[in-house]
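# Chains, contacts and geometry: an overview
Here is how the chains run, residue by residue.
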Amino acid sequence: MGNISLTRAQNALRGTVAVPGDKSISHRAVMFGSIAKGTTTINNFLLGEDCLSTISCFRKLGVSIKQKDNTVAIEGKGFEGLSEPAEVLDVGNSGTTIRLMLGILANTPFHSVILGDSSIGKRPMKRVTGPLRQMGAKLDGREEGNLVPISIRGGSTKGITHTSAVASAQVKSAVLLAGLRAEGETTVIEPHKSRDHTERMLDSFGVKTVSSENSVTITGGQSLKAAHIEVPGDISSAAFFLVAGSIVPDSEITLKKVGLNPTRTGILDVLLAMGANITLSNESSDGKEPYADLTITFSSLKGTEISGDFIPRLIDEIPVIALAATQAEGTTIIKDAAELKVKETDRIDTVVRQLSAMGADIEATDDGMIIHGQTKLRGTQCDSFGDHRIGMMLAVASLIAEGETVISNSEATAVSYPGFYEELKKLQQ
Ligand SMILES: O=C(O)C1=C[C@@H](OP(=O)(O)O)[C@@H](O)[C@H](O)C1
Ligand SMILES: C=C(OP(=O)(O)O)C(=O)O
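Residues numbered from 1 in each chain as written. Chains lettered and ligands numbered in written order. Predicted model: local features only at pLDDT ≥ 70, side-chain atom pairs only at ≥ 80, totals over all residues.

## Looking at the overall build of the chain
Worth spelling out the cut-off: The numbering of helices and of strands both runs from the N terminus, where a helix is a DSSP run of H or I of at least 4 residues and a strand a run of E of at least 2. For a compact globule the rule gives 2.2 Å times the number of residues to the power 0.38, and the radius of gyration it is set against comes from C-alpha atoms. Three exposure classes are used, all based on how many other C-beta atoms lie within 10 Å of a residue's own C-beta (placed from the backbone): buried at 20 or more, exposed at 12 or fewer, and partly exposed between those limits. C-beta atoms are placed from the backbone for every residue, and two residues are taken to be in contact when these atoms lie within 7 Å.
Looking only at helices and strands, one finds 13 helices and 25 strands in the chain. Its C-alpha atoms give the chain a radius of gyration of 21 Å, near enough to 22 Å, the size a compact globule of 429 residues would have. Its C-alpha atoms give the chain principal-axis dimensions of roughly 60 × 40 × 40 Å. Taken over 429 residues, the chain has a buried fraction of 55%. Relative to all contacts within the chain whose residues are 6 or more apart in sequence, the contacts with residues 24 or more apart total 74%.

## Some words on the site of ligand 2
As a reminder, the rule being used: To decide whether a residue is near a molecule or strand, its C-beta atom is placed from the backbone and checked for lying within 6 Å of it. Note that Gly is not counted as nonpolar here; it falls among the polar residues with everything else outside the nonpolar set of Ala, Val, Leu, Ile, Met, Phe, Trp, Tyr, Cys and Pro and the charged set of Asp, Glu, Lys and Arg. What counts as a domain boundary in this text is fixed by an automatic or database domain assignment.
Taken together, K23, D50, S94, G95, T96, D316, K343, E344, R389 and S416 make up the full set of residues near ligand 2. Residue composition of the shell around ligand 2, by class: no nonpolar, four polar and six charged. When residues of the shell around ligand 2 are assigned to domains, at least three map to each of domain 1 (3-21 + 232-426) and domain 2 (23-230).

## Some details on the site of ligand 1
Near ligand 1 the following residues occur: S24, T96, S168, A169, Q170, S173, S194, R195, I315, D316 and E339. Top contributing element to the shell around ligand 1 by residue count: helix α6 (residues 169-179), with three residues. Looking at the shell around ligand 1 residue by residue, the class counts come to two nonpolar, six polar and three charged. Counting residues domain by domain, the shell around ligand 1 receives three or more from each of domain 1 (3-21 + 232-426) and domain 2 (23-230).

## Description of the sheet that holds strand β8 (residues 138-141)
The cut-off we apply is this: For two strands to pair, DSSP has to find at least two bridges joining them.
Pairing is mixed in the open sheet, where four strands are placed in the order β6-β7-β9-β8. Two strands lie at the open edges of the sheet, namely β6 (89-90) and β8, each paired on one side alone. Alignment of β6 against strand β7 (residues 111-115), held across two bridges, turns out to be parallel. Note on β7: the bridge partner recorded for L89 is I114.

## Observations regarding the UniProt feature "active site" (unreviewed entry) in the chain
Going by this rule: UniProt positions are given in the numbering used here, feature names are shortened, and annotations may be inferred rather than shown by experiment.
Under the feature "active site" (unreviewed entry), the UniProt entry names D316. Along the polypeptide, D316 turns up in the loop between β20 (305-306) and α10 (318-326). You can call D316 buried: it has 25 C-beta atoms within 10 Å. Those residues within four positions of D316 in sequence are excluded, and the remaining contacts are S236 and R389.

## Brief notes about the environment of V270
With respect to the helices and strands, V270 occurs in helix α9 (residues 266-273). Its 24 C-beta neighbours within 10 Å are what place V270 among the buried residues. Distance in space between the C-alpha atoms of V270 and E329 is 14 Å, their sequence separation being 59 residues. Once residues within four sequence positions are removed from consideration, V270 is found in contact with T304, I306, L314 and I321.

## Description of the sheet that holds strand β10 (residues 161-163)
What counts, and what does not: Under this scheme, a helix contributes an axis fitted over its contacting stretch, all axes are lines through C-alpha atoms, and angles between N-to-C directions fall in the 0 to 180 degree range.
Taken in spatial order, the four strands line up as β10-β11-β13-β12 in an open sheet, and their pairing is mixed. Two strands lie at the open edges of the sheet, namely β10 and β12 (209-212), each paired on one side alone. For this sheet, the mean angle separating the axes of adjacent strands, direction not counted, is 15°. As paired strands, β10 and strand β11 (residues 185-189) are joined by three bridges and run parallel to one another. Across the sheet, residue H162 finds its bridge partner in β11, namely V188. In the packing of α6 onto the sheet, contacts are made with β10, β11, β12 and β13 (215-219), and the angle to β11 comes to roughly 175°.

## Structural notes on the UniProt feature "domain: Enolpyruvate transferase" (unreviewed entry) in the chain
Per the UniProt record, "domain: Enolpyruvate transferase" (unreviewed entry) is annotated on residues 9-424. As a span, residues 9-424 carries 30% helix and 29% strand, and end to end its C-alpha atoms are 10 Å apart.

## Side note on the domain arrangement of the chain
The domain boundaries assigned to the chain delineate domain 1 (3-21 + 232-426) and domain 2 (23-230). When each unit is reduced to the centre of its C-alpha atoms, the spacing between domain 1 and domain 2 is 28 Å. Each partner contributes to the interface: domain 1 provides 25 residues, whereas domain 2 provides 29 residues. Taken together, the residues that form the side of domain 1 that touches domain 2 break down as eight nonpolar, nine polar and eight charged.

## As for unusual backbone geometry
Glycine aside, a negative phi is what most residues show, and trans is what most peptide bonds show. For the peptide bond that leads from V148 to P149, omega is -5°, which places it in the cis range. Within the fold, P149 resides in strand β9 (residues 147-153). A cis geometry characterises the amide bond from G373 onward to Q374, with omega recorded as -15°. Relative to the assigned elements, Q374 resides in the loop between β23 (368-373) and β24 (381-383). Although it is not a glycine, N44 sits at a positive phi angle of roughly 60°. Residue N44 is classed as buried on the basis of its C-beta count, with 24 C-beta atoms lying within 10 Å. Non-glycine residue E143 carries a positive phi angle of around 50°.

## Things to note about the pairing of strand β16 (residues 252-259)
Across four bridges, strand β2 (residues 14-17) lies against β16 in parallel orientation. From the neighbouring strand, V17 faces β16, where its bridge partner is L255. Sheet topology note: the β16/strand β18 (residues 289-297) ladder contains six bridges and is antiparallel. Each residue of the ladder has a partner; that of L255, found in β18, is L294.

Shown next as structure tokens:
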């Protein structure tokens, strides 16, 4: 597995970055196009390994998908166009692929087996297989259907009202997708609102859902009509540059066409509350998703507290927010974020261990972390542990660390951002 060796930034970070397409939106565009009737086209599709896994799984389900660079064309034949896969569906490292796909397969009258890599092998699936079983789908897997490999035989399902213990767009989307073909209404209630890309994109495909603050209802029997999807830049990828620009002296970075769906912009609210200097320009929207250019300049940061409703709006950005907090004056407290423990790694544990090794004053709590700033960081031997967001956070940390930072399993960043290290390097010239 690859090591990358990085050194402290010699110059300020300056330049413009077009961050790659949004991962959540790219997955959904392929999935919805695969169950819609007609030709769905996607522009600025994310060529990250996770989204390529989604394409590969739907091809195994018999869907014709043409992909050239970041444009994709899908010949959808509706749900009826999906056929029993001869091979195992391998989702690689992607939690979104497996959970949403299970929702779709709940209604397909054939047998499928799904698995993923060693990280997926540890991630809980009961949160999805539980409600899908309640709807009538036949699923099984290790630990009573909690862990892959999962086998599923879809069939006829009935609508349910599901109260999810966690705010999770993957759970919400899986149940709503099963609800598309279920008898009657299906409602998902969450403790906090999670990202709503599914609801927005279903609308583009001609399917109505009804949302209130923390619940969404879908009526079964609706079919999808092909659509054209323009994928905005991924704010979760932009987050690494937002923090890099804030902590490397004299920096100024512009990020083009970054998706600004309000269920995803917690990182902007938090960085602004910490004193970051971020301006928006060229605000617009394609279809249902708003976007804008973001410009970030270096500024001094102060600690903050992040909890409750904020957490789902920035869940994937917490590793890099923790890094920003090491450079902020005062204390940052992150709580209500126990979900971090069931991501690609236990992100409370990996963030705390890796940043501690670099000299940060950071401690783990049951549902988050406490960071005391400002600390000087020093380069050391680090590890992404195969978690793309940890790899990218450590690369940003290296920019302000004394000496050499070596990151093992550095290739993990290709899961959501192929070419990340090169882009970071370009800003230093
Ligand atoms: O629905 C999605 O596209 C995602 C939802 C989130 O996961 P949860 O639903 O588990 O919170 C997020 O962490 C993941 O990166 C993508
Ligand atoms: C948690 C993530 O993705 P997934 O759940 O799709 O593996 C992520 O991208 O940080």
